[in-house]
Amino acid sequence: MASVSAQSVTLSAEQAKVVLAEVIQAFSAPENAVRMDEARDNACNDMGVLKFARLVKSYEAQDPEIASLSGKLKALFLPPMTLPPHGPTSGGSVAAS
């Protein structure tokens, strides 16, 4: 198998859309549920995935469909997070100078 890091891989916005849609479809298939759980448990920093994620991120601002597909893919891997409340805290405030 050729090393991905040895070659520069380019991906157009249209290709990114197709890949994202196919990956989401494959990950969402019921027959892959057990394998997805195993993958989540065994996940580590895979450089290929990181490079792809960085490339997709660069297309998100240019194309709303890629942004939507990227969000769906992230939702498959990342649990929903609740944000802490924003605003003044009861511990006091810092005065602007």
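Residue numbering note: each chain is counted from 1, following its sequence as written. In view of the model being predicted, local features appear only for residues whose pLDDT reaches at least 70, and side-chain atom pairs are presented and counted only at 80 or more, with totals across whole chains, interfaces and linings using the full set of residues. Heavy atoms from the whole structure form the basis of all side-chain values; hydrogens and water molecules are not counted.

**Here we look at the overall build of the chain**
Counted only if it meets this: Numbering of helices and strands runs from the N terminus; a helix is a DSSP stretch of H or I covering at least four residues, while a strand is a stretch of E covering at least two. Residue burial is assigned from relative accessible area. The probe radius is 1.4 Å, only protein chains are included, and a residue is buried under 20% of its type maximum, exposed over 50%, and partly exposed in between. We call two residues contacting when some pair of their heavy atoms lies within 4.5 Å. Only the protein chains shown count as cover for residues, with accessible areas throughout obtained via the Shrake-Rupley method and a probe of 1.4 Å.
A tally of helices and strands in the chain yields four helices and zero strands. In sequence order, the secondary structure elements of the chain are arranged as α-α-α-α. Counting only residues that meet the buried cut, the chain has 16% of its 97 residues in that class. In the chain, of all internal contacts separated by at least 6 residues, the share reaching a separation of at least 24 is 77%. A total accessible area of about 8,000 Å² is found for the chain, and carbon and sulfur atoms account for 60% of it.

**Section: the side chain of Lys17**
Test applied: Pairing of N or O atoms within 3.5 Å defines a polar contact, subject to two protein rules: one partner must be a possible hydrogen donor and the other a possible acceptor, and residues neighboring in sequence count only if both atoms are side-chain atoms.
Summarising the element assignment, Lys17 is placed in helix H1 (residues 13-28). Within the local environment of Lys17, its side chain forms a polar contact with the side chain of Glu14, the two groups lying 3.1 Å apart. Once residues lying within four places of it in the same chain are set aside, the contact partners of Lys17 are Asp63, Glu65, Ile66 and Leu69.

**Focus on the nonpolar core**
Cut-off, in case you're wondering: Put simply, buried Ala, Val, Leu, Ile, Met, Phe, Trp, Tyr and Cys residues joined by side-chain atoms within 4.5 Å make one nonpolar core.
In this structure, Leu11, Ala16, Leu20, Ile24, Val56, Tyr59, Ile66, Leu69 and Leu73 together form the largest nonpolar core, which totals nine residues. Not counting chain neighbours up to four residues away, the residues in contact with Val56 comprise Leu20, Ile66 and Ser70.

**Notes on the confidence of the model for the chain**
One rule of thumb: low pLDDT means the predicted coordinates there are not for detailed reading. To keep it simple, the criterion reads: The predictor attaches a confidence to each residue, called pLDDT, with possible values from 0 through 100.
With 74% of its residues at a pLDDT of 70 or more, the chain has an overall mean of 77. Model confidence for the chain, summarised as mean pLDDT per element, is weakest for helix H2 (residues 33-42) at 77 and strongest for H1 at 90. In this model residues 1-6 is a low-confidence stretch, pLDDT under 50, and it forms four contacts with partners more than four residues away in sequence or in other chains.

**A word on the side chain of Asn32**
For Asn32, the position within the fold is in the loop between H1 and H2. At a separation of 2.6 Å, a polar atom in the side chain of Asn32 contacts the main-chain carbonyl oxygen of Ala26.

**Let's talk about the packing of H1 against helix H4 (residues 64-77)**
Applied cut-off: Orientation is described by axes fitted as lines to C-alpha atoms, over the contacting stretch for helices, and by angles from 0 to 180 degrees between their N-to-C directions. When an angle is under 35 degrees it counts as roughly parallel; over 145 it counts as roughly antiparallel; between 65 and 115 it counts as roughly perpendicular; any other value is oblique. Note: crossing handedness is left-handed where the near helix turns anticlockwise from the far helix by less than a right angle, and right-handed where it turns clockwise. Each residue gets one label: Ala, Val, Leu, Ile, Met, Phe, Trp, Tyr, Cys and Pro are nonpolar, Asp, Glu, Lys and Arg are charged, and the others, such as Gly, are polar.
Close contact between H1 and H4 brings their axes to 10 Å; oriented N to C, the two are set at 30 degrees. The angle between the axes of H1 and H4 places the two elements in the roughly parallel class. Regarding H1 and H4, the two cross each other, and that crossing is left-handed. Across the interface between the two elements, Ala13, Ala16, Lys17, Leu20, Ala21, Val23, Ile24, Phe27 and Ser28 from H1 touch Glu65, Ile66, Leu69, Ser70, Lys72, Leu73, Leu76 and Phe77 from H4. The residue inventory of the contact of H1 with H4, partitioned by class, reads twelve nonpolar, two polar and three charged.

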